[in-house]
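Survey of secondary and tertiary structure
Here is what each chain is made of, one letter per residue.
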Amino acid sequence: MKTTRIIFTGGFLGAGKTTLLWEAAGRLTKKGLRVGLITNDQAPELVDTALLSRQGLAVAEVSGSCFCCNFNGLTEAMERVNAGTEADVIMAEPVGSCTDLSATIMQPLKQDWHHRFSVAPLSVLADPARLLPILDGETAGLHGDAAYIFRKQLEESDIILVTKTDTLEAHALASLLGRVREAFPSATALPVSALSGEGMDEWLANVLERTDAGRRIAVVDYDVYARGEAVLGWLNGTVRLTAFVGTGDLDAFMNAFLTRLAERLDGRGYGVGHVKAILENGSRYVAGNLTGNVRTLSLRGSVGMGHTAKLTVNARVETSPEKLDALVREVLDETTHGCYEMTVLAWRCLQPGRPNPTYRYAQVVAL
């Protein structure tokens, strides 16, 4: 029976996981491989799902809990994607605030699903802007318990991907990679940029060919882990925008909305895990990403002028769900005022509960 390669790409919020999967899926498809994707979040209405679906690939979403706390939901999604595409490769993106993947996902898959799925080494992405302070023993602007999750993700990884290398000078990148290899000698440290393509082929060769998946199980304090997730308010919302008169400049709207939101978050001192948004009008879209203050804002794509559009927002911010909810609604009201009628299609704001994994293996499963 054919086995499908399953590749998990973890990493803290804002590390660039979705961008990497977008680029990787395109490269694998060009090589003639059939590729499926699985996204994951604590709530539905995911920007990642909307964006990755535009690759024309089968995308399944596991929402309502992380992979580790809904292992059966994960395996059902794997089977669903596989049934639809007879996939050679499935790429899965865990929740950005999730750790302990080796013990809760990799080991049970190796134990009971090896006849259907071949598990690739666990890749963990790290944004240099946060990675360097973490290596220095700091919190990278995160709550201390959230920074704990970041460190645990690195500890359990098989491959550490230093992302966004196009933002670093060559000497700075070499120094950073050296420090990562020194701090985590059992992991393979690789540089990668989804924007420039640097390192993509080397990483894909590693995850397609290597058999040493889930080589380490981290020691995780679930009390600290739970507090690290609970410091974040989570918001997933979708609204329909309708111009009051004629058409509106939807690209300008998106830029104004995210810029205002970034400035307001920064002004109130709220730490940003990430804010993602996608504005869609038929086949056209513009996607935005924010990982800190307004200088971290990036936009890609274009909607242009239009009468109606659908906006989906995912925000992970260090404040209460109630304050995050009020702030995002406030900025939306300001940005739409006098220009667009706004209709809420879906809206959920929450604080993650304590992680309760379906399985947690104490030992590494040998194949």
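Read on for a plain summary of the structure. (Residues numbered from 1 in each chain as written. Predicted model: local features only at pLDDT ≥ 70, side-chain atom pairs only at ≥ 80, totals over all residues. Heavy atoms only, no water.)

This paragraph deals with the overall build of the chain. Counting its regular elements, the chain contains 11 helices and 16 strands. Against the globule reference of 21 Å for 367 residues, the chain gives a C-alpha radius of gyration of 20 Å, in line with a compact fold. Considered along the principal axes of its C-alpha atoms, the chain spans approximately 65 × 45 × 40 Å. Sorting the 367 residues of the chain into buried and exposed places 58% on the buried side. Taking the contacts inside the chain whose residues are at least 6 apart along the sequence as the reference set, 80% of them involve residues at least 24 apart. Counting 36 positive and 42 negative side-chain charges, the chain places the centres of these two groups 2 Å from one another. (Helix = DSSP H or I, 4+ residues; strand = E, 2+ residues; numbered from the N terminus. Rg over C-alpha atoms; globule rule 2.2 N^0.38 Å. Buried < 20%, exposed > 50% of the residue type's maximum accessible area, 1.4 Å probe, protein only. Contact = heavy atoms within 4.5 Å. Lys, Arg positive; Asp, Glu negative; His and termini not counted. Charge placed at Lys NZ, Arg CZ, Asp CG, Glu CD.)

Look at helix H10 (residues 250-267): 26 Å from first C-alpha to last across 18 residues, which is about the 26 Å you get at 1.5 Å a residue. The opening residue of H10 is Asp249, an N-cap whose side-chain oxygen sits 3.3 Å from the backbone nitrogen of Asp251. (Expected span 1.5 Å × (residues − 1). Polar contact = N/O pair within 3.5 Å; in protein donor to acceptor, adjacent residues only side chain to side chain.)

Okay, the sheet that holds strand E13 (residues 298-302) next. Sheet architecture is open: 6 strands sit in the order E13-E12-E11-E15-E9-E16, paired in antiparallel fashion. On the outer flanks of this sheet lie E13 and strand E16 (340-350), each paired with one strand and no other. Each neighbouring strand pair of the sheet contributes to a mean axis angle of 10 degrees, computed without reference to strand direction. Looking at chain direction, strand E11 (residues 272-281) and strand E12 (residues 284-290) are connected through 7 bridges and run antiparallel. Paired with Val275 across the bridge in E12 is Leu290. (Pairing = 2+ DSSP bridges. Axes fitted to C-alpha atoms, helices over the stretch in contact; angles between N-to-C directions.)

What describes two packed helices is the angle between their axes and the distance between those same axes. Two elements in contact, helix H5 (residues 128-135) and helix H7 (residues 170-183), have axes whose closest approach is 11 Å; the angle formed by their N-to-C orientations is 50 degrees. The angle between H5 and H7 places the two elements in the oblique class. The two elements H5 and H7 cross, and the hand of that crossing is left-handed. Of the residues in H7, those in contact with Pro128, Leu131, Leu132 and Leu135 of H5 are Leu176, Arg179, Val180 and Ala183. Along the lines of polarity and charge, the residues of the contact of H5 with H7 split into 7 nonpolar, no polar and 1 charged. (Parallel < 35°, antiparallel > 145°, perpendicular 65-115°, else oblique. Left-handed = near helix turned anticlockwise from the far one by under 90°. Nonpolar A, V, L, I, M, F, W, Y, C, P; charged D, E, K, R; others polar.)

Our focus in this paragraph is the side chain of Thr312. Its place among the elements puts Thr312 in strand E15 (residues 308-317). A polar contact is formed between the side chain of Thr312 and the side chain of Thr238, at a distance of 3.3 Å. In contact with Thr312, other than residues within four places in its own chain, are Glu45, Leu46, Val47, Gly237, Thr238, Lys276, Ala277 and Ile278.

The subject of this paragraph is the pattern of salt bridges. The final tally for this structure, using the stated rule, is 21 salt bridges. A salt bridge links Arg210 to Asp212; the nearest nitrogen and oxygen atoms lie 3.0 Å apart. Among the charged side chains, a network of salt bridges with common partners joins Asp158, Arg210, Asp212, Arg215 and Arg216. (Salt bridge = Lys/Arg side-chain N within 4 Å of Asp/Glu carboxyl O.)

Below, the discussion takes up the nonpolar core. If you look at the biggest cluster of nonpolar residues, it comprises 60 residues, and the most contacted ones within it are Phe8, Ile38, Leu131, Leu154 and Val180. The element that contributes the greatest number of residues to this core is helix H6 (residues 144-156), accounting for 6 residues. Not counting the four nearest positions on each side in its chain, Ile38 is found in contact with Ala60, Val62, Phe67, Leu74, Ala77, Met78, Val81, Ile90, Met91, Ala92 and Glu93. Counting residues in hydrophobic clusters, the runner-up holds 32 residues, among them Leu250, Val286, Leu290 and Val331. (Core = buried A, V, L, I, M, F, W, Y, C linked by side-chain atoms within 4.5 Å.)

Next up on the list: unusual backbone geometry. Positive phi, normally seen in glycine, also occurs at Ala140, with a value near 55 degrees. Tracing the backbone through its elements, the reader meets Ala140 in the loop between H5 and H6. Positive phi values are uncommon outside glycine, yet Lys164 reaches one of about 55 degrees.

Right, let's get into the side chain of Thr165. Mapped onto the secondary structure, Thr165 falls in the loop between strand E7 (159-162) and H7. Note on Thr165: relative accessible area 3%, which makes it buried. Polar contacts involving the side chain of Thr165 include one to the side chain of Glu198, which spans 2.8 Å. Leaving out residues up to four positions away in the same chain, Thr165 has contacts with Leu173, Pro191, Val192, Ser193 and Glu198.

Interaxial distance between helix H1 (residues 17-30) and helix H8 (residues 200-209) falls to 11 Å at its minimum, and their mutual angle equals 75 degrees. As the angle between them shows, H1 and H8 are arranged roughly perpendicular. Contacts from Leu20, Glu23, Ala24, Arg27 and Leu28 in H1 reach Met200, Asp201, Trp203, Leu204 and Leu208 in H8.

Now for helix H4 (residues 101-112). Its 12 residues give H4 an end-to-end C-alpha distance of 16 Å, which sits within 8% of 16 Å, the value for a rise of 1.5 Å per residue. Of all the 12 residues making up H4, 10 are buried; the element is thus mostly covered by neighbouring parts of the structure. If you check which residues of H4 are buried, you get Leu101, Ser102, Ala103, Thr104, Ile105, Met106, Gln107, Pro108, Leu109 and Lys110.

Turning our attention to the packing of aromatic side chains. Overall, the coordinates contain 7 aromatic pairs when judged by the stated rule. Where Tyr222 meets Tyr225, the ring centres are 5.2 Å apart and the plane angle is 65 degrees; that geometry is what we call edge-to-face. One end of the pair is Tyr222 and the other is Tyr225, both in helix H9 (residues 222-230) and 3 residues apart, which spans about a single turn. Residue Tyr222 shares its accessibility class with Tyr225, and that shared class is buried. (Phe/Tyr/Trp six-rings, centres within 6.5 Å; stacked < 30°, edge-to-face > 60°.)

Below, the discussion takes up the state of the cysteines. Summed over the entire model, instances satisfying the criterion amount to 0 disulfides. With no disulfide of its own, Cys69 lies closest to Cys66 among cysteine sulfurs, the gap being 3.3 Å. Owing to a relative accessible area of 24%, Cys69 belongs among the partly exposed residues under this scheme. Looking at Cys349, it has no disulfide partner, and the nearest cysteine sulfur is the one in Cys66, 18 Å off. (Disulfide = S-S within 2.5 Å.)

So yeah, pure geometry; function would need other evidence.
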